[in-house]
Amino acid sequence: MNITVLGAGAWGSAMAMALAARHDVMLWGRNPAVMGELATRRENHPYLPGFRLPDALTVTADFDAAIDHVASTASRAGSLLIAACPVAGLRPLAQRLQGTAIANLVWLCKGFEENSRLLPHQIVREVLGADVAGGALSGPSFAQEVARGAPCALTIASESAALRERVVAAVHSGSLRVYSTDDVVGVEVGGAVKNILAIATGVADGLGLGLNARAALITRGLAEITRLGVALGGRAETFMGLTGVGDLILTCTGDLSRNRKVGLGLAQGQTLDAIVAELGHVAEGVRCAQAVRALAQQYGVEMPITNAVAGVLFDGDSPRDMVTRLLARDARDEVDRS
């Protein structure tokens, strides 16, 4: 199968490396100098140091060549285009795809667009229309582990059964397992909001509140994700799967989690700007916290942990204030039956 991965960050590179073992894969990045170095060194040192790119993987900064790789008449029936950019870059990337002969598009990004509060599938549909078969490939996954071939399970979410089958055929092999669903909203909401909860868990861990507090935050965070997801049209059972509780557990507890590192830094008294600069990577929980807080207000969804995190990130609240506010909440039934 001909596959093009648009975006040479950590996750895009790791996915391209994993797929190159069985497919004709091209990895595109927008910076010619960086892509030239990748081609020469066979290593993505800025984003995925220590992992050699397979010899079979083609890297390029030529956007037209990357699209031709999956849009030619000969290969289109057996092709897949994967967008591996942050949510903030999805709209510009989709705009570049307007007028091209793409047939199957999958995105790896997780989050809400900051100003529009749209999910990735809504952005793609708004820019490219409903005729392009598209889907979200998501789940608990750290790029470094995928790059070294460690086991990983993902979910492809799409309204198109044909696209789901194509992605499973392309990705499901060896250490990568792929499940499928048509609940695109549920999968995308789970992938977005768990990043905010990881910041909260990082704060709690950084303040030394203990494992009991961590477990409580993860569990009550899952309740928040589910409430918002159902309000936006997702199915409750989706949040008990890989892209819900699975991704939430990984992001809240894994030492490789960028969003958890944000919370740890905040608890240590670092400024948000200093933390983000030190990470050198996107922490989507910061970007989408405002959007999720606004959506919760718009839909009348109770999300106290999300609101507390947003207060620390944007309203000048201290991490201690966040904890105090959450502990001061009144007791209630655990299960909301309304």
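Conventions used here
- Residues numbered from 1 in each chain as written.
- Predicted model: local features only at pLDDT ≥ 70, side-chain atom pairs only at ≥ 80, totals over all residues.
- Heavy atoms only, no water.
- UniProt positions renumbered as here; feature names shortened; annotations may be inferred.
- 1 Å grid on protein atoms, 1.4 Å probe; cavity = no way out; pocket = protein on both sides within 12 Å on 5 of 7 lines; lining within 4 Å.
- Points joined across faces, edges and corners; volume = space filled by probe spheres on them.
- Helix = DSSP H or I, 4+ residues; strand = E, 2+ residues; numbered from the N terminus.
- Nonpolar A, V, L, I, M, F, W, Y, C, P; charged D, E, K, R; others polar.
- Axes fitted to C-alpha atoms, helices over the stretch in contact; angles between N-to-C directions.
- Parallel < 35°, antiparallel > 145°, perpendicular 65-115°, else oblique.
- Left-handed = near helix turned anticlockwise from the far one by under 90°.
- Contact = heavy atoms within 4.5 Å.

If you look the protein up in an unreviewed UniProt entry, it shows as Glycerol-3-phosphate dehydrogenase [NAD(P)+] from Undibacterium arcticum. You can read under Pathway (unreviewed entry) in the UniProt record for the protein the words "Membrane lipid metabolism; glycerophospholipid metabolism." The heading Subcellular location (unreviewed entry) in the UniProt record of the protein holds the text "Cytoplasm".

Chemist: When you look at the layout of surface pockets in this model, what are you seeing that I'm missing?
Modeler: The space that makes up the second largest pocket amounts to roughly 530 Å³. Residue lining of the second largest pocket: 21 residues in total, with Ala216, Leu217, Arg220, Ile305 and Leu326 positioned closest to the centre. If you list the elements that add at least two residues to the lining of the second largest pocket, you get helix H9 (211–231), helix H14 (304–314) and helix H15 (319–327). Top element by residues in the lining of the second largest pocket is H9. It accounts for 6 residues. In terms of residue class, the lining of the second largest pocket is made up of 12 nonpolar, no polar and 9 charged.

Chemist: What is the right way to look at the packing of H9 against helix H10 (residues 242–253) in this model?
Modeler: Helices that pack against each other are described as a pair by the angle of their axes relative to one another and the distance between those axes. Here H9 crosses H10 at 140 degrees, and the two axes come no closer than 10 Å. If you check the angle between H9 and H10, you find them oblique. Considering the relative orientation of H9 and H10, their crossing is right-handed. Taken together, the residues of H10 that come into contact with H9 (itself represented by Arg214, Ile218, Gly221, Leu222 and Ile225) are Gly244, Val245, Leu248, Ile249, Cys252 and Thr253.

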